[in-house]
Amino acid sequence: MRELILEPAPVSDALKAALTSAGLLIDDLEGSDRTYFALVDSDGGVVGYSGVENCESSSVLLRSVVVIPEFRSQGYGRRLVELTIAKLPLAADVYLATTSAATFFEPFGFMVVDRDQAPKAILSTRQLSGLCPASATIMRLNRPPT
Ligand SMILES: CC(C)(COP(=O)(O)OP(=O)(O)OC[C@H]1O[C@@H](n2cnc3c(N)ncnc32)[C@H](O)[C@@H]1OP(=O)(O)O)[C@@H](O)C(=O)NCCC(=O)NCCS
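Below you will find a few notes about this structure. Remember, it's a predicted structure, so these values are computed and weren't measured experimentally.

Criteria and cut-off values
- Residues numbered from 1 in each chain as written.
- Predicted model: local features only at pLDDT ≥ 70, side-chain atom pairs only at ≥ 80, totals over all residues.
- Heavy atoms only, no water.
- Near = heavy atom within 4 Å.
- Polar contact = N/O pair within 3.5 Å; in protein donor to acceptor, adjacent residues only side chain to side chain.
- Areas by Shrake-Rupley, 256 points an atom, 1.4 Å probe, with all protein chains shown as cover.
- 1 Å grid on protein atoms, 1.4 Å probe; cavity = no way out; pocket = protein on both sides within 12 Å on 5 of 7 lines; lining within 4 Å.
- Sits in = over half its atoms within 2 Å of the grid points.
- Helix = DSSP H or I, 4+ residues; strand = E, 2+ residues; numbered from the N terminus.
- Nonpolar A, V, L, I, M, F, W, Y, C, P; charged D, E, K, R; others polar.
- Points joined across faces, edges and corners; volume = space filled by probe spheres on them.
- Pairing = 2+ DSSP bridges.
- Axes fitted to C-alpha atoms, helices over the stretch in contact; angles between N-to-C directions.
- Contact = heavy atoms within 4.5 Å.

### A few points about the site of the ligand
Taken together, 18 residues lie around the ligand, and Val65, Val67, Ser73, Gly75 and Arg78 are the ones closest in. Within the backbone of glycine 75, one N or O atom sits 2.8 Å away from an oxygen atom of the ligand. A total of 880 Å² of accessible area belongs to the ligand in isolation, and the protein chains cover 68% of it. Put simply, the ligand lies in the largest pocket. At the level of elements, strand S4 (59-67), helix H2 (76-86) and helix H3 (102-105) are the ones that each hand at least two residues to the shell around the ligand. Of the residues assigned to the shell around the ligand, the class counts are nine nonpolar, seven polar and two charged.

This is how it looks when you write it as structure tokens:
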């Protein structure tokens, strides 16, 4: 695998194109509570993107996780999520919503939760309150005790 770093990324046309081509939402990318990252190889090429949306009560929504198609199935998605989680405060209560990749997130410690178990702060994000289908799977990160 190439040497990779995770660096902050602006909301760019490239980010939007990557998300759109993967069928992910771009209608709610803007906002001061949202931060995006690019997974970049040693040549400066972008391998994938991720995002975090900070909500009330220390809740965080992991979102916009995408690996550029030509780089998929080489372990980059796993690295992208590991490095993104490592950026989050240990006290953060991390959630995500996915319509198709729940089993991809399980090895990191994400477990499916019922909608009524998710905090209001997460349910009221635009992803959960409107843009994502009600059938989307909601997952919560269970971190090992430190
Ligand atoms: C999901 C995604 C990020 C995975 O990236 P990737 O670089 O292909 O993933 P990796 O190569 O690191 O795969 C790690 C493991 O996850 C599995 N996996 C990959 N994509 C998966 C998916 N969509 N669903 C379930 N498992 C998946 C792989 O088979 C691999 O398993 P293994 O270790 O047992 O072989 C990528 O397929 C993608 O961008 N998909 C479109 C966007 C998306 O669905 N994002 C997630 C929802 S926000």
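### Regarding the layout of surface pockets
Of the pockets and cavities examined, the largest pocket occupies roughly 750 Å³. Lining the largest pocket are 30 residues, and of these Leu24, Val65, Val66, Ala101 and Phe105 sit closest to its centre. Counting residues per element, the ones that place at least two in the lining of the largest pocket are S4, H2, strand S5 (93-98), H3 and helix H5 (126-131). Ranked by residue count, the leading element in the lining of the largest pocket is S4, at six residues. Taken together, the residues of the lining of the largest pocket sort by class into 17 nonpolar, 10 polar and three charged.

### Things to note about the sheet that holds strand S6 (residues 110-113)
With respect to topology, seven strands assemble into an open sheet ordered S1-S2-S3-S4-S5-S7-S6, the strand pairing being mixed. Each of the sheet's edge strands pairs with one partner strand only, and the pair in question is strand S1 (4-9) and S6. Geometrically, the sheet is characterised by an average inter-axis angle of 30° between neighbouring strands, direction not taken into account. Contacts from H2 reach S1, strand S2 (34-41), strand S3 (46-54), S4, S6 and strand S7 (137-141) within the one sheet, and its direction differs from that of S4 by about 155°.

### Brief notes about the pairing of S7
As defined by bridge partners, S5 adjoins S7 across four bridges and the pair is classed as antiparallel. Among the inter-strand pairings, threonine 98 is bridged to a residue of S7, identified as threonine 137. The sheet contact formed by S6 and S7 spans four bridges and is antiparallel. The partner of phenylalanine 110 across the bridge, within S7, is leucine 141.

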